[in-house]
Amino acid sequence: MRSDRVIIESLAVETVIGVYDWEREIRQRLVLDLELATDIRAAAAADDITLTLDYAAISQRIARFADEQAFALVETFAERLATLLHDEFAIAGLTLTVRKPGAVAEAAAVGVRIAREWS
């Protein structure tokens, strides 16, 4: 993975997520941390946002994705989101953590962390 990263931390989204019937009837909060691999040198040299990953646009797209989708597994949410971000924003790679607060009473959150690279 490239060494430069655009980061988005603790992005909260609402979605339908869960394996139990009652979870399919409510929206639940997920908290995401992302590290998006990109080369920031051109953007930094030109001071031009169009030459880098726009974290505001990416955050808005993630929120829209979460709002429009419904999955049983956090794993599926993570994989589909990773693919979407690669396809729509030409991200070279990412590390994505998806947390589901309150899913286990004894834990602050449960979730998954995935790392993906594309050529």
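What counts and how
Residues numbered from 1 in each chain as written. Predicted model: local features only at pLDDT ≥ 70, side-chain atom pairs only at ≥ 80, totals over all residues. Heavy atoms only, no water. UniProt positions renumbered as here; feature names shortened; annotations may be inferred. Helix = DSSP H or I, 4+ residues; strand = E, 2+ residues; numbered from the N terminus. Buried < 20%, exposed > 50% of the residue type's maximum accessible area, 1.4 Å probe, protein only. Contact = heavy atoms within 4.5 Å. Areas by Shrake-Rupley, 256 points an atom, 1.4 Å probe, with all protein chains shown as cover. Patch = residues over 30% accessible without salt bridge, like charges linked within 9 Å, V, L, I, M, F, W, Y side chains within 5 Å. Salt bridge = Lys/Arg side-chain N within 4 Å of Asp/Glu carboxyl O.

For the protein, an unreviewed UniProt entry supplies the name 7,8-dihydroneopterin aldolase and the organism Franzmannia qiaohouensis. What the UniProt record of the protein gives under Pathway (unreviewed entry) is the line "Cofactor biosynthesis; tetrahydrofolate biosynthesis; 2-amino-4-hydroxy-6-hydroxymethyl-7,8-dihydropteridine diphosphate from 7,8-dihydroneopterin triphosphate: step 3/4." Annotation of the protein in UniProt includes, under Sequence similarities (unreviewed entry), the sentence "Belongs to the DHNA family."

With that out of the way, let us pick up the overall build of the protein. Scanning the protein from N- to C-terminus turns up three helices and five strands. Taken from N to C terminus, the helices and strands of the protein fall in the order β-β-α-α-β-α-β-β. Taking all 119 residues of the protein together, the buried fraction comes to 38%. Pairs at least 24 residues apart make up 60% of the contacts formed inside the protein by residues separated by at least 6 positions. In the form shown here, the protein has an accessible surface area of approximately 7000 Å², with 49% of it arising from carbon and sulfur atoms.

Nonpolar side chains collect at one region of the surface, where Val19, Tyr20, Trp22, Ile26 and Leu73 lie side by side and expose about 530 Å² of accessible area between them. Tracing the backbone through its elements, the reader meets tyrosine 20 in the loop between β1 (5-17) and β2 (28-37). The exposed category is assigned to tyrosine 20, whose relative accessible area is 52%.

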